[in-house]
Amino acid sequence: MITAQLVPTPVGPLALLSRAGVLVAGGFTADPKEMFVRLTPALQAEGLEVVDPAGPAAEAVRAYLSGDLDALDAIPVEQPGTPTRKQLHKALREVKAGVTVSYAELAERAGLPKTAARAAGSACAQNLIAPFVPCHRVLPQGGGYGGYYYGVSVKEWLLNHEAGHKHYAL
């Protein structure tokens, strides 16, 4: 069974979907079904149950919002993808709060050439577990915020929140 929790944040509800204590989806939406339909058919076949927002993932979000920017890193995550996509998602999790990288830098951090920037962009676009897999920390090399599945205003808020608490991420 996939369990869903809704955790309030300053930029709207954050839906957290878990399976056996492992986060399989997370996104800024008030409807957990929006995240559920993005899961693999095998996970969807397990069903979805909305539960009270308690437990390690919800507590990590609350701690993150209170300034403990490393809190999200302790939560185990799992999402589907090719070996390259999984490498990129792993590299994303290693980008510390308060730090931003370009798509080319993310590719390099994942052991790929800089020319794999498009693959890095695709991995960000297909990321199912925001903000635990922090694709919001990837910015276009030419400047600006670029896109974000949940809207640029959410990405901007997350980056500003992290910049305001940088001393926690050292």
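Shown above is the structure to which this text applies.
Scoring rules and cut-offs
- Residues numbered from 1 in each chain as written.
- Predicted model: local features only at pLDDT ≥ 70, side-chain atom pairs only at ≥ 80, totals over all residues.
- Heavy atoms only, no water.
- Helix = DSSP H or I, 4+ residues; strand = E, 2+ residues; numbered from the N terminus.
- Buried < 20%, exposed > 50% of the residue type's maximum accessible area, 1.4 Å probe, protein only.
- Contact = heavy atoms within 4.5 Å.
- 1 Å grid on protein atoms, 1.4 Å probe; cavity = no way out; pocket = protein on both sides within 12 Å on 5 of 7 lines; lining within 4 Å.
- Points joined across faces, edges and corners; volume = space filled by probe spheres on them.
- Nonpolar A, V, L, I, M, F, W, Y, C, P; charged D, E, K, R; others polar.
- Expected span 1.5 Å × (residues − 1).
- Arc of directions from axis to C-beta.
- Core = buried A, V, L, I, M, F, W, Y, C linked by side-chain atoms within 4.5 Å.

J.: Is there a simple way to think about the environment of G146 in this case?
T.: On the secondary structure map, G146 appears in the loop between α6 (117–125) and α7 (152–164). Residue class for G146 comes out partly exposed when judged on its relative accessible area of 32%. Placed 10 residues apart in sequence, G146 and H136 show a C-alpha to C-alpha distance of 9.4 Å. Those residues in contact with G146 that sit more than four places away from it in its chain are P140 and V152.

J.: Sorry, what's going on with empty space enclosed by the protein here?
T.: The rolling of a water-molecule-sized probe over the atoms marks out the regions of remaining empty space. Following the criterion strictly, the structure yields 1 cavity of 30 Å³ or more and no others. What the largest cavity holds in volume is close to 50 Å³. Lining the largest cavity, in full, are T9, P10, V11, L14, F28, V61, Y64, L65, P131, W157 and L158. Elements with a contribution of two residues or more to the lining of the largest cavity: α3 (56–65) and α7. Considering each element in turn, the lining of the largest cavity owes the most residues, 3 residues, to α3. Of the residues assigned to the lining of the largest cavity, the class counts are 10 nonpolar, 1 polar and no charged.

J.: Can you walk me through α7 in this structure?
T.: Residues three or four positions apart in an α-helix share a direction because the helix packs 3.6 residues into each turn. Counted at 1.5 Å a residue, the expected span for α7 with its 13 residues is 18 Å, and the 18 Å between its end C-alpha atoms agrees. Within the sequence span of α7, burial applies to V154, K155, L158, L159, H161 and E162. Taken end-on, α7 shows its buried residues confined to a sector of 160°, consistent with a single buried face. Within α7, the exposed residues directed more than 90 degrees away from the buried face are S153 and G164. Looking at the packing, one finds that the buried side of α7 touches α3 and α5 (103–109).

J.: Sorry, what's going on with the nonpolar core here?
T.: A general feature of soluble globular proteins is that nonpolar side chains tend to end up buried together. Counting 49 residues, the largest nonpolar core has L16, L17, L39, L106, F132 and Y148 as its most contacted members. Apart from residues lying up to four places away in sequence, F132 is in contact with L16, L23, A57, A60, V61, L72, I75, V77 and R93.

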